[in-house]
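# Coordinate inspection notes
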4 protein chains.
Amino acid sequence: MAKRTKSNEKRIALLNATLYLVNNNGFHDAPMSKIAKMAGVSPATIYIYFENKQDLINQLYLENKASFSEAAFKDYAVNLSVKNGFELIWRNIAHYKLNQIEEANFLSQCDNIATMVDEESRQEGLKNLQPLLDLWERGQKEGIIKNISPYLLYAYTIYPLAFLMTMQKRNDFELTETNLSEAFDSAWNTIKI
Amino acid sequence: MAKRTKSNEKRIALLNATLYLVNNNGFHDAPMSKIAKMAGVSPATIYIYFENKQDLINQLYLENKASFSEAAFKDYAVNLSVKNGFELIWRNIAHYKLNQIEEANFLSQCDNIATMVDEESRQEGLKNLQPLLDLWERGQKEGIIKNISPYLLYAYTIYPLAFLMTMQKRNDFELTETNLSEAFDSAWNTIKI
Amino acid sequence: MAKRTKSNEKRIALLNATLYLVNNNGFHDAPMSKIAKMAGVSPATIYIYFENKQDLINQLYLENKASFSEAAFKDYAVNLSVKNGFELIWRNIAHYKLNQIEEANFLSQCDNIATMVDEESRQEGLKNLQPLLDLWERGQKEGIIKNISPYLLYAYTIYPLAFLMTMQKRNDFELTETNLSEAFDSAWNTIKI
Amino acid sequence: MAKRTKSNEKRIALLNATLYLVNNNGFHDAPMSKIAKMAGVSPATIYIYFENKQDLINQLYLENKASFSEAAFKDYAVNLSVKNGFELIWRNIAHYKLNQIEEANFLSQCDNIATMVDEESRQEGLKNLQPLLDLWERGQKEGIIKNISPYLLYAYTIYPLAFLMTMQKRNDFELTETNLSEAFDSAWNTIKI
DNA sequence: CATGAATGAGTGTTCATTCAT
DNA sequence: TATGAATGAACACTCATTCAT
């Protein structure tokens with residue numbers, strides 16, 4: 001009856017290897033054999049933990065989305081004022097994107113390339129931003145935030161951070177504390193009434 | 001005395017096929033054989049026009065960047081005021097991204113994924129935005145535009161359009177003329193002093 | 001004082017699963033993992049009961065051969081007349097092939113495909129028909145049965161039943177009681193002097 | 001415009017290699033890599049001539065069925081008497097099965113194992129026996145052949161040859177000219193009225 | 001210039017079997 | 001005894017690229 005049990009270590013090692021290889025070589029040069037080798041297991045072992053390559057990517061995406069969202073809403077509470085709440089979330093996200101560069105970069109690829117994660121996982125991943133959407137809606141009801149589509153709000157406040165992350169990763173640009181405050185001001189000015 | 005010469009038609013057909021397949025199937029499912037078939041030529045023929053697959057992607061990137069920049073600076077002249085010049089360019093870019101969705105989407109993929117075009121082509125592609133950088137520099141000298149890194153200026157004015165394009169392509173969101181004006185106001189407010 | 005001992009139930013379950021899968025999916029799509037799952041045990045458990053896959057097939061073959069031969073010689077006694085003895089055996093075999101279709105089909109595959117069971121098991125399996133060969137020899141001595149090779153006798157009396165079984169399994173043909181009597185007459189006419 | 005053309009030699013070499021390997025190693029140990037090596041081509045080349053492994057087997061089956069049927073009806077004409085026509089066909093088939101042992105053995109495997117060729121090809125292959133079925137029908141109308149199902153006629157006249165072929169291939173038995181005449185007599189006696 | 005055949009190296013995945021418990 | 005995890009070797013098949021014409 002006794003038996004070896006699935007080791008979470010191996011699962012994590014596989015996810016980490018995948019993240020690393022997709023980020024640095026691209027999806028098209030991250031073969032299962034390399035992933036296995038990097039994780040220190042046999043190629044066949046991957047299929048104990050994941051159904052197939054797509055499933056591996058999907059799970060990696062969803063778990064990183066979840067950990068991103070945890071970071072994004074750290075210390076957030078609905079009783080914060082709209083501005084304070086937004087600033088907290090914005091800074092959390094900025095902090096994540098500029099420090100957890102690898103994870104953020106992976107998520108950015110997945111979100112930008114239609115063919116990387118399947119539609120179901122993408123929809124699932126979207127749910128993670130709900131509290132921010134709720135905050136914006138509240139801000140609009142309170143007359144604090146412009147009454148425009150959340151897509152526009154996102155495009156002008158959160159999405160720019162993805163660009164800064166990419167530049168940071170390429171060492172083209174470094175975001176200082178001052179820059180960050182300027183950037184937040186820009187973001188806030190854009191959406192506040 | 002007609003001589004047989006490389007037919008530009010075939011070259012164009014190959015570039016178009018590549019754009020289409022990379023956009024719709026992803027880089028990892030855009031094999032040379034499919035590209036050839038779609039362009040109506042033999043796989044071997046690709047190698048008459050392009051050195052290899054990377055070269056094909058690089059050239060496609062550079063030509064689209066060039067045509068993007070042509071669109072971006074249409075009707076622009078250095079004697080325009082900073083605000084008018086910026087608005088012209090911004091609207092040109094917005095127009096391009098929301099109408100030439102396929103081309104814009106391809107460029108966006110290349111710019112976001114480190115491994116798609118090689119570094120040399122990327123650097124080459126960057127030059128296309130020079131007139132905008134020049135305009136910003138002039139605006140800063142004239143005390144009209146905030147004295148912050150052009151990366152930030154780009155992140156908060158141009159880059160958001162990439163997000164709107166992606167949403168538009170996914171039919172999640174449609175940008176109206178009103179939206180566009182709001183979006184421009186946001187962009188301008190962000191960077192003007 | 002119950003001691004843990006190899007459970008015959010599991011052994012039987014494994015043999016049944018193998019029979020089913022080889023018959024319905026073919027040898028090449030009857031992997032140990034499926035066999036195990038169908039038998040409700042772990043793949044590793046198979047190796048407690050059988051040395052390897054070949055051994056599993058061999059044992060399945062031999063046990064089915066034995067049960068086939070038991071059926072073939074049911075109620076047979078050497079004091080029966082040659083004709084009566086032959087008719088009894090022939091009808092027993094026909095009954096087996098047309099009712100125990102799965103078992104018969106498996107045996108037929110093994111006997112037709114050189115590479116399914118190994119030579120040793122095949123030789124072992126042949127012994128099961130000995131009483132029929134003895135009967136034929138007696139018939140020849142008594143001048144009742146043609147003095148031709150038992151291979152020919154078998155080919156023209158017993159072997160045709162395999163074809164009828166295959167057709168029956170494919171629903172191309174159904175053998176009635178009348179057919180059966182005609183078929184036996186054919187068989188007997190073929191070999192009687 | 002010029003190009004290398006598909007060489008029929010390679011196609012034939014591939015079919016031959018497949019026949020040999022399936023016969024001697026079994027379907028489950030006739031991998032594409034071995035087939036390619038034996039045919040003296042790269043594994044990838046197989047896919048120029050055949051869609052996939054199933055297609056390769058199907059085509060091999062159909063071509064052998066066709067050449068079998070050509071042999072079976074050599075010199076046959078509808079104006080022959082029923083008995084003479086049947087003897088001609090029977091001897092042709094016997095000759096084929098006992099001399100073209102490899103081909104006959106392959107066909108026998110395909111016909112016995114449900115999972116080897118797909119249903120469509122099997123149905124296609126069946127058509128090859130039509131002239132024999134026609135002859136039997138004529139014989140029944142003329143009151144020369146027993147009025148029983150053609151499945152029974154086949155089972156008792158043609159099918160036994162498959163057994164003799166198998167035994168011959170295994171060197172368990174050799175069919176002489178005398179044997180053959182005896183065997184034909186058995187076959188004819190079985191079905192004639 | 002242009003081609004379809006040809007290929008070695010590689011792809012994602014499965015398999016019979018063994019390991020550690 | 002019995003297990004599920006683990007695996008090296010193999011599988012069918014595809015790819016970017018080159019060859020021969």
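The following paragraphs examine the structure supplied in this document. Along every chain, residues carry numbers that run from 1 in the direction the sequence is written. By the order in which they are written, chains take letters starting at A while ligands take numbers starting at 1. Predicted model: local features are reported for residues with pLDDT of at least 70 only, side-chain atom pairs are reported and counted for 80 or more only, and whole-chain, interface and lining totals are derived from all residues. Each side-chain value is derived from all of the structure's non-hydrogen atoms; neither hydrogens nor water enter the calculation.

## Things to note about the interface of chain D and chain C
Just so we agree on the cut-off: Note on contacts: a residue pair is in contact if any heavy atoms of the two residues lie within 4.5 Å. Buried area is calculated as the accessible area (1.4 Å probe) missing from two parts once they are joined, with the contributions of both summed. Should a side-chain nitrogen of Lys or Arg be within 4 Å of a carboxyl oxygen of Asp or Glu, the pair is scored as a salt bridge. Counting of polar contacts relies on pairs of N or O atoms within 3.5 Å, with two restrictions inside protein: one atom must be capable of donating a hydrogen and the other of accepting it, and residues adjacent in sequence are counted only when both atoms are side-chain atoms. We count a stretch as a helix when DSSP gives it H or I for four or more residues in a row; a strand needs E for two or more, and each element gets its number in order from the N terminus. For this classification, the nonpolar set comprises Ala, Val, Leu, Ile, Met, Phe, Trp, Tyr, Cys and Pro, the charged set comprises Asp, Glu, Lys and Arg, and every other residue, Gly included, is treated as polar.
Counting residues at the interface gives 40 residues for chain D, matched by 40 residues for chain C. Regarding the contact of chain D and chain C, the summed buried area is about 3,700 Å², with carbon and sulfur atoms giving 63% of it. Our count for the contact surface shared by chain D and chain C stands at 1 salt bridge. Between the two partners, chain D and chain C, sit 5 residue pairs in polar contact (both at pLDDT 80 or more). Where the side of chain D that touches chain C is concerned, the elements lending two or more residues are helix H1 (8–25), helix H6 (101–112), helix H9 (150–157), helix H10 (159–169) and helix H11 (177–191) of chain D. No other element matches the 7 residues that H10 of chain D contributes to the side of chain D that touches chain C. Tallied by class, residues from the side of chain D that touches chain C come to 20 nonpolar, 14 polar and 6 charged.

## Re unusual backbone geometry
Where the residue is not glycine, phi is negative for most of them; where a peptide bond is considered, it is trans in most cases. Formally: Categorising residues by exposure relies on relative accessible area from a 1.4 Å probe, with only protein chains included: less than 20% of the type maximum marks a residue as buried, more than 50% marks it as exposed, and the intermediate range marks it as partly exposed.
Here Asn171 of chain A, not a glycine, exhibits a phi torsion of approximately 60 degrees, which is positive. Residue position: Asn171 of chain A is located in the loop between helix H10 (159–169) and helix H11 (177–191). A relative accessible area of 68% means that Asn171 of chain A is categorised as exposed. Positive phi outside glycine occurs at Asp75 of chain C, with the angle close to 65 degrees. Following the sequence through the fold, Asp75 of chain C ends up in the loop between helix H4 (53–72) and helix H5 (82–99).

## Observations concerning the relation of the copies chain A and chain B
This is how it is decided: What sets the superposition is a least-squares fit of C-alpha atoms, and only residues with pLDDT of at least 70 in both copies go into it.
Once chain A has been moved 0.0 Å along the axis and rotated by 179 degrees, it coincides with chain B to within an RMSD of 0.2 Å. Look at the turn and shift together and you get a two-fold axis relating the two. Across chain A, the rotation axis passes nearest the C-alpha of His28 of chain A, at a separation of 2.4 Å. Here 100% of the contact residues of chain A are again contact residues in chain B; the copies associate through an equivalent surface.

## Regarding the relation of the copies chain D and chain C
By a simple turn and slide, chain D fits onto chain C: the slide is 0.0 Å along the axis, the RMSD is 0.2 Å, and the turn is 179 degrees. A share of 100% of interface residues in chain D that are also interface residues in chain C marks the association as one of identical surfaces.

## Section: the arrangement of the chains
You won't find any contact between chain A and chain C; their C-alpha atoms come no closer than 10 Å. Taking C-alpha atoms as the reference, chain B and chain D come no closer than 10 Å and do not contact one another.

## A word on helix H6 (residues 101–112) of chain B
The periodicity of an α-helix, 3.6 residues per turn, causes residues three or four places apart in sequence to face the same way. Note the following rule: Here the expected span of a helix is defined as 1.5 Å times the quantity of residues minus one.
The end-to-end C-alpha distance of H6 of chain B is 16 Å, a good match for the 16 Å that 12 residues give at a rise of 1.5 Å each. By the criterion of burial, H6 of chain B is predominantly enclosed, with 9 of the 12 residues buried. Within H6 of chain B the residues assigned to the buried category are Ile101, Ala104, Asn105, Phe106, Leu107, Ser108, Gln109, Cys110 and Asn112 of chain B. Of the surrounding elements, those touching the buried residues of H6 of chain B are helix H6 (101–112) and H10 of chain A together with helix H1 (8–25), helix H4 (53–72), helix H5 (82–99) and helix H10 (159–169) of chain B.

## Quick look at the packing of helix H4 (residues 53–72) of chain D against helix H5 (residues 82–99) of chain D
Residues and elements named next belong to chain D. Let me state the cut-off plainly: Each axis is a line fitted through C-alpha atoms, and for a helix only the stretch in contact is used; angles between axes span 0 to 180 degrees, taken between their N-to-C directions. An angle counts as roughly parallel when it lies under 35 degrees, as roughly antiparallel when it exceeds 145, as roughly perpendicular when it falls between 65 and 115, and as oblique in every other case.
Closest axis-to-axis distance for the H4/H5 pair is 8 Å, and the angle between their directions is 135 degrees. By the criterion of interaxial angle, the relationship of H4 to H5 is oblique. Across the interface between the two elements, Asn64, Ser67, Phe68, Ala71 and Ala72 from H4 touch Ile89, Asn92, Ile93, Tyr96 and Lys97 from H5. Tallied by class, the residues present in the contact of H4 with H5 amount to 6 nonpolar, 3 polar and 1 charged.

## Regarding the protein's contact with DNA strand E
Stated formally: Residues are classed as near a molecule or strand on a simple rule: at least one heavy atom within 4 Å of it.
Lining the immediate surroundings of DNA strand E are 39 residues, of which Ala44, Thr45 and Tyr49 of chain B together with Thr45 and Tyr49 of chain D lie closest. Near-protein atoms of DNA strand E (within 4 Å) split between backbone and bases, with sugar and phosphate holding 64%. Between DNA strand E and the protein, one listed contact pairs a phosphate oxygen with a side-chain N or O atom of Lys10 of chain B at 2.9 Å. One of the side-chain N or O atoms of Ser42 of chain D is found 3.2 Å from a base nitrogen in DNA strand E. Only helix H2 (32–39) and helix H3 (43–49) of chain A, helix H3 (43–49) of chain B, helix H3 (43–49) of chain C together with helix H3 (43–49) of chain D provide two or more residues apiece to the surface near DNA strand E. A breakdown of the residues in the surface near DNA strand E according to their chemical character gives 19 nonpolar, 9 polar and 11 charged.

## Digging into the protein's contact with DNA strand F
Close to DNA strand F lie 38 residues; Thr45 and Tyr49 of chain A together with Ala44, Thr45 and Tyr49 of chain C are nearest. When atoms of DNA strand F within 4 Å of the protein are split into backbone and base, the sugar-phosphate part holds 64%. Measuring from a phosphate oxygen of DNA strand F, one finds a side-chain N or O atom of Tyr47 of chain D at 3.1 Å. Mapped onto the surface near DNA strand F, the elements with two or more residues apiece are H3 of chain A, H3 of chain B, H3 of chain C together with helix H2 (32–39) and H3 of chain D. Among the residues forming the surface near DNA strand F, the class breakdown is 19 nonpolar, 8 polar and 11 charged.

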